[in-house]
Amino acid sequence: MVPADMFAHLGSTIGGLMFVWAIFQQYFPYEVRRHIEKYSQRLVGYVYPYIQITFNEFTGERLMRSEAYSAIENYLSSKSSTQAKRLKADIKNNQSLVLSMDDHEEVSDEFKGVKVWWASGKNISKQQTFSYTPINDEKRYYKLNFHKGQRELIIGPYLTHVLKEGKAIRVRNRQRKLYTNNGSHWSHVVFEHPATFKTLAMEPEKKQDIIDDLMAFSKAEEFYASIGRAWKRGYLLYGPPGTGKSTMIAAMANLLGYDLYDLELTAVKDNTELRRLLIETSSKSIIVIEDIDCSLDLTGQRRKRKEKVEEDEEKDPREKLAKEERETKPSQVTLSGLLNFIDGLWSACRGERLIVFTTNYVEKLDAALIRKGRMDKHIELSYCNFESFKVLARNYLKLEAHHLFPKIRGLLEQTNMTPADVAEHLMPKSLAGVAENCLHNLIQALEQEIENGKLKAEEEGKEKNSAAEEKDQDSEASSDRK
Ligand SMILES: Nc1ncnc2c1ncn2[C@@H]1O[C@H](COP(=O)(O)OP(=O)(O)OP(=O)(O)O)[C@@H](O)[C@H]1O
Ligand SMILES: [Mg+2]
């Protein structure tokens, strides 16, 4: 047969088939057609060894976006970017580019040595509706294909794994927020502090210990549930101003991917308001109360009460706290209110919460406030030592070692300078700032500090001497009078 004839033949065959199909559709009763489709699918089912699950984007009345669908989308995004040939790009949360596979793409995945395939697709519904706003009538879905021998593994553990991982990815990618309370309401801004534990200047072992503690906490949901405790942990950060307390809180939030709630106690009217604010905090958050010693003179309040109620010391401490609460003015947050919330309130709330207190004067704080169980971990941030200096030099000057380091080490041991001050001197003063100049600046400043320290000590010594002399003279005079 010549090619032209062949095409003519093929054309007429196709035409014939289409004609038969049209007749079939039009004249075969619906019932018969349905039966034929049903049995042909069953027949395919006997020979075709794969199982298919469909996850639609919208479930129910198309109002709710399926949680499973978005979890799968997140889960597949990393696989799509390496496997799929056609990708869709989108910027989510104003943050990073998120890639997902385009319609009718397929990617494979492996779970415990079993291979599965994911395909994306869409149905376009032909329904005609009239509306002022255009309705997107595309219904997207993901289809999961796997061998029927693996049914149990895939439907059980694998799908659980996909959904859990997908949700975790969403949490990691979400945009985090910094909340501050404006009276009794939280308002928020996007949290984008760049601090990390890597750039935080402190002794490496101490730093690692804190990181381990945080990571263990964030993974300990089951443990906390099993011992019957609320999933929370309290940190107390203390040290002089400029030693990195606020910086460390930002680093914690960045490490764990938590939101930050900066609670300004002085702006809270009373305990009811405090309770409302705390209940409104979401899970995966760090609640920060800065300068706890300055907030509302909490310690003073308690001490005064203590003196008053000294006589009924043997009574139940809970009663004492309640009494104290009654006695204080209604327009104030009390220490007992705060303690109660830290202790008990969150048992009723799901999800993990860190609560961080900072102070410059740990010795001023009431022992009840910082006992273990309330503040589980006490972290001291202190003056800059050589280990911390090395971190700063690495951050600011990209220096690992330098011939001036030993000298700086010696000077740091003789004086107290905060990391904030050291960092200030390592800041290049001009764009062309040379590392060596910065180090010289620092050395100068340190020597100046040491000099100042000596002068101060001398003066204090003199004052002491003269005071002692005066005292001597006074006592001599009084003994003379006698
Ligand atoms: N340990 C540190 N590591 C890195 N940078 C630090 C450190 N300590 C201080 N800094 C720098 O100094 C600045 C001030 O530090 P920060 O605000 O964290 O101090 P603070 O301890 O919270 O002080 P305050 O008690 O006054 O609130 C920060 O911007 C940071 O750049
Ligand atoms: Mg601070």
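Remember, predicted model here, so these are calculated numbers, not experimental data.

A word on the packing of helix 3 (residues 67–83) against helix 4 (residues 151–173). Look at helix 3 against helix 4: their axes get within 7 Å of each other, and the N-to-C directions meet at 75°. Comparing the axis directions of helix 3 and helix 4 gives the class roughly perpendicular. Side by side, helix 3 and helix 4 meet where Glu67, Ala68, Ser70, Ala71, Ile72, Asn74 and Tyr75 of the first sit next to Tyr158, His161, Val162, Leu163, Glu165, Gly166, Lys167, Ile169 and Arg170 of the second. Residue composition of the contact of helix 3 with helix 4, by class: eight nonpolar, four polar and four charged.

What follows concerns helix 4. With 23 residues, helix 4 extends 32 Å between its outermost C-alpha atoms, agreeing within 8% with the 33 Å of an ideal straight helix rising 1.5 Å per residue. In the structure, helix 4 departs most strongly from a straight axis at Tyr158, where the bend amounts to approximately 35°. On its buried face, helix 4 is in contact with strand 1 (50–56), helix 3, strand 6 (106–111), strand 7 (114–124) and strand 8 (138–147).

Strand order in this open sheet of four strands is 1-8-7-6, and the pairing throughout is antiparallel. Whereas interior strands pair on both sides, the edge strands pair on one side only; in this sheet they are strand 1 and strand 6. Adjacent strand axes in the sheet meet at a mean angle of 25°, parallel and antiparallel pairs treated alike. Strand direction decides the pairing type here: strand 1 and strand 8, joined by seven bridges, are antiparallel. Bridge pairing in strand 8 links Thr54 to Lys143.

Moving on, we come to a negative patch on the surface. Taken together, the side chains of Glu451, Glu458, Glu459, Glu460 and Glu463 make up a negatively charged region of the molecular surface. Tracing the backbone shows Glu459 in helix 16 (residues 435–481).

Of all seven residues that make up strand 11 (residues 232–238), seven are buried, and the element is covered over most of its length. Side-chain alternation along strand 11 places Lys232, Gly234, Leu236 and Tyr238 on one buried face and Arg233, Tyr235 and Leu237 on a second face that is also buried. Bridging between strand 11 and strand 14 (residues 353–359) involves seven bridges; their strand directions are parallel. Of the residues in strand 14, the one forming a bridge with Leu237 is Thr358.

On to the UniProt feature "transmembrane region" (unreviewed entry) in the chain. This chain's UniProt record puts "transmembrane region" (unreviewed entry) on residues 6–24. From the first C-alpha to the last, residues 6–24 spans 27 Å; its make-up is 100% helix and 0% strand.

Close contact between helix 5 (residues 204–218) and helix 7 (residues 245–256) brings their axes to 11 Å; oriented N to C, the two are set at 45°. Between helix 5 and helix 7, the interaxial angle falls into the category oblique. In this structure, helix 5 meets helix 7 at a crossing whose hand is right-handed. Residues Ile210, Ile211, Leu214, Met215 and Ser218 of helix 5 form the contact with helix 7, whose own contacting residues are Met248, Met252, Leu255 and Leu256. For the contact of helix 5 with helix 7, the class distribution of residues is eight nonpolar, one polar and no charged.

Inspection of the region around ligand 1 gives 15 residues, with Ala201, Gly242, Lys245, Ser246 and Thr247 positioned closest. Contact distances for ligand 1 include 2.9 Å between an oxygen atom and a backbone N or O atom of Gly242. Contact with the protein chains hides 72% of the accessible area of ligand 1, taken as 620 Å² for the molecule alone. Counting only elements with at least two residues in the shell around ligand 1, the list comes to helix 7, helix 13 (386–397) and helix 15 (419–426). Take the shell around ligand 1: its biggest share by element is three residues, from helix 7. Counting the residues that make up the shell around ligand 1, at least three belong to each of domain 2 (179–306 + 329–380) and domain 3 (386–474).

With that out of the way, let us pick up the sheet that holds strand 12 (residues 259–262). Picture the strands of a sheet paired through backbone hydrogen bonds; they go either parallel or antiparallel. The sheet built from seven strands is open, its strands ordered 10-9-12-13-14-11-15 with mixed pairing. Looking at strand neighbours, the two that pair on one side only are strand 10 (185–190) and strand 15 (377–380), the edges of this open sheet. Geometrically, the sheet is characterised by an average inter-axis angle of 25° between neighbouring strands, direction not taken into account. Pairing geometry for strand 9 (residues 177–182) and strand 10, over six bridges, is antiparallel. Residue Asn182 lies in a different strand from strand 10, and its bridge partner there is His185. Against the sheet, helix 8 (residues 271–280) engages strand 9, strand 10, strand 12 and strand 13 (285–289), with an angle of about 40° to strand 10.

Definitions and limits used
- Residues numbered from 1 in each chain as written.
- Chains lettered and ligands numbered in written order.
- Predicted model: local features only at pLDDT ≥ 70, side-chain atom pairs only at ≥ 80, totals over all residues.
- Heavy atoms only, no water.
- Axes fitted to C-alpha atoms, helices over the stretch in contact; angles between N-to-C directions.
- Helix = DSSP H or I, 4+ residues; strand = E, 2+ residues; numbered from the N terminus.
- Parallel < 35°, antiparallel > 145°, perpendicular 65-115°, else oblique.
- Contact = heavy atoms within 4.5 Å.
- Nonpolar A, V, L, I, M, F, W, Y, C, P; charged D, E, K, R; others polar.
- Expected span 1.5 Å × (residues − 1).
- Bend = angle between axes of the 7 residues up to and from the residue.
- Pairing = 2+ DSSP bridges.
- Patch = residues over 30% accessible without salt bridge, like charges linked within 9 Å, V, L, I, M, F, W, Y side chains within 5 Å.
- Areas by Shrake-Rupley, 256 points an atom, 1.4 Å probe, with all protein chains shown as cover.
- Salt bridge = Lys/Arg side-chain N within 4 Å of Asp/Glu carboxyl O.
- Lys, Arg positive; Asp, Glu negative; His and termini not counted.
- Charge placed at Lys NZ, Arg CZ, Asp CG, Glu CD.
- Buried < 20%, exposed > 50% of the residue type's maximum accessible area, 1.4 Å probe, protein only.
- UniProt positions renumbered as here; feature names shortened; annotations may be inferred.
- Left-handed = near helix turned anticlockwise from the far one by under 90°.
- Near = heavy atom within 4 Å.
- Polar contact = N/O pair within 3.5 Å; in protein donor to acceptor, adjacent residues only side chain to side chain.
- Domains from an automatic or database assignment.

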